[in-house]
Amino acid sequence: MQDIGPWRVAMLWPLDTVAGAGGLRSIHIEPREGADSQEVARGITTTILRRVDIAAAAKEAEDFAPWARMARGAVEDLQQRKVQGFRKRLAALPKGVSDEYLAVISDLYVHVVEAGHRAPLQELETWTSTKQATLKGHLRAARQRGFLTKVEGKAGGRLTDKAIATLKGIDAEQERQP
């Protein structure tokens, strides 16, 4: 944070940034509390922008590097545990390209696409340890067998009622198991 005239400048380096690699992602400038309304009315001038000291802010951000590494590690550990748990649940399903498997893969695919992943099949490969070409065929089968709708020309789709009912059945079955 820097206060410059009537303005407060906030700069953001995300946690995935390593000191010296990757950089500033956003700058947010807003009037400071109690700022002179006439100065604010003039707007953000080039003079104000030139006074933003990005180098000083970057130096300050480096102080947070150990915390960022710790946060990244925690997120990665949590992600690994989620992936391992998902793979165990996947292994408990009937073998082959069963209805249950297609419903689960369709559900994962929809979540990955909605989360904004640019390469959804790559993310599915991470979660399932199944090759992308195979997953592509499984998604095609899911659409043909009525588990996943199609979106023309791009990644995506929605779960069908059949997929939702199958997923509920899997959940009910897993609740009955010790």
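Our next topic: the overall build of the chain. Regarding its fold elements, the chain presents eight helices and three strands. Moving toward the C terminus, one meets the helices and strands of the chain in the order β-β-β-α-α-α-α-α-α-α-α. Its C-alpha radius of gyration of 24 Å places the chain more than 25% over the 16 Å reference for a compact globule of 178 residues. Expressed as lengths along the three principal axes of its C-alpha atoms, the size of the chain is roughly 65 × 35 × 35 Å.

Our next topic: a nonpolar patch on the surface. Together, Phe-64, Trp-67 and Met-70 make up an exposed nonpolar region whose accessible area comes to about 410 Å². When you line up the elements, Met-70 lands in helix α4 (residues 65-91). Looking at Met-70, the relative accessible area reads 53%, which means it is exposed.

Glancing now at the sheet that holds strand β2 (residues 7-12). Strand order in the open sheet formed by three strands is β1-β2-β3, and the pairing between neighbours is antiparallel. With one partner strand each, in any of the chains shown, β1 (2-4) and β3 (26-31) form the two edges of the open sheet. On average, each strand axis in the sheet is tilted by 25° relative to the strand beside it, whichever way the strands run. For β2 and β3, the ladder comprises six bridges, and the chain directions are antiparallel. Pairing of Arg-8 across the sheet is with Glu-30, part of β3.

As a further point, take the pattern of salt bridges. If you walk through the whole model with that rule in mind, you get four salt bridges. Taking the shortest distance from any N to any O, the salt bridge between Arg-158 and Glu-114 comes out at 2.4 Å. Taken as a pair, Arg-158 in the loop between α7 (132-144) and α8 (161-176) and Glu-114 in helix α5 (residues 99-114) lie far apart in primary sequence, 44 residues in all. Grouping residues by exposure puts Arg-158 and Glu-114 together as exposed. If you follow the salt bridges from partner to partner, you end up with Asp-3, Arg-8 and Arg-32 in one network.

Buried within helix α6 (residues 120-128) we find Pro-120, Glu-123, Leu-124, Trp-127 and Thr-128. Seen along its axis, α6 keeps its buried residues to an arc of 125°; they face one direction. Taken together, the buried residues of α6 touch α4, α5 and α7. In the segment just after α6, Ser-129 is the residue with positive phi, at about 55°.

The next point concerns the confidence of the model for the chain. Low pLDDT means the predicted coordinates in that region are not meant to be read closely. Taken as a whole, the chain shows an average pLDDT of 86; of its residues, 92% reach a score of 70 or greater. Of all helices and strands in the chain, the one with the weakest mean pLDDT is α8 (79), whereas α7 scores best (95).

Further remarks concern the nonpolar core. With 24 residues, the main nonpolar core has Leu-90, Val-104 and Leu-124 as its most contacted residues. A total of nine residues in this core trace back to one element, the largest contributor, which is α5. If near-sequence neighbours (up to four positions away) are discounted, Val-104 is found in contact with Phe-86, Leu-90, Leu-93, Leu-167 and Ile-170.

Before going further, it helps to spend a moment on the packing of α4 against α6. Axis separation between α4 and α6 bottoms out at 8 Å; the angle between their running directions is 75°. Relative to α6, the element α4 lies roughly perpendicular. Note on element contacts: α6 touches α4 through Glu-123, Glu-125, Thr-126, Trp-127 and Thr-128, opposite Gln-79, Lys-82, Val-83, Phe-86, Arg-87 and Leu-90. Its residues assigned to classes, the contact of α4 with α6 comprises four nonpolar, three polar and four charged.

How each quantity is defined
Residues numbered from 1 in each chain as written. Predicted model: local features only at pLDDT ≥ 70, side-chain atom pairs only at ≥ 80, totals over all residues. Heavy atoms only, no water. Helix = DSSP H or I, 4+ residues; strand = E, 2+ residues; numbered from the N terminus. Rg over C-alpha atoms; globule rule 2.2 N^0.38 Å. Patch = residues over 30% accessible without salt bridge, like charges linked within 9 Å, V, L, I, M, F, W, Y side chains within 5 Å. Areas by Shrake-Rupley, 256 points an atom, 1.4 Å probe, with all protein chains shown as cover. Salt bridge = Lys/Arg side-chain N within 4 Å of Asp/Glu carboxyl O. Buried < 20%, exposed > 50% of the residue type's maximum accessible area, 1.4 Å probe, protein only. Pairing = 2+ DSSP bridges. Axes fitted to C-alpha atoms, helices over the stretch in contact; angles between N-to-C directions. Arc of directions from axis to C-beta. Contact = heavy atoms within 4.5 Å. pLDDT = per-residue confidence, 0-100. Core = buried A, V, L, I, M, F, W, Y, C linked by side-chain atoms within 4.5 Å. Parallel < 35°, antiparallel > 145°, perpendicular 65-115°, else oblique. Nonpolar A, V, L, I, M, F, W, Y, C, P; charged D, E, K, R; others polar.

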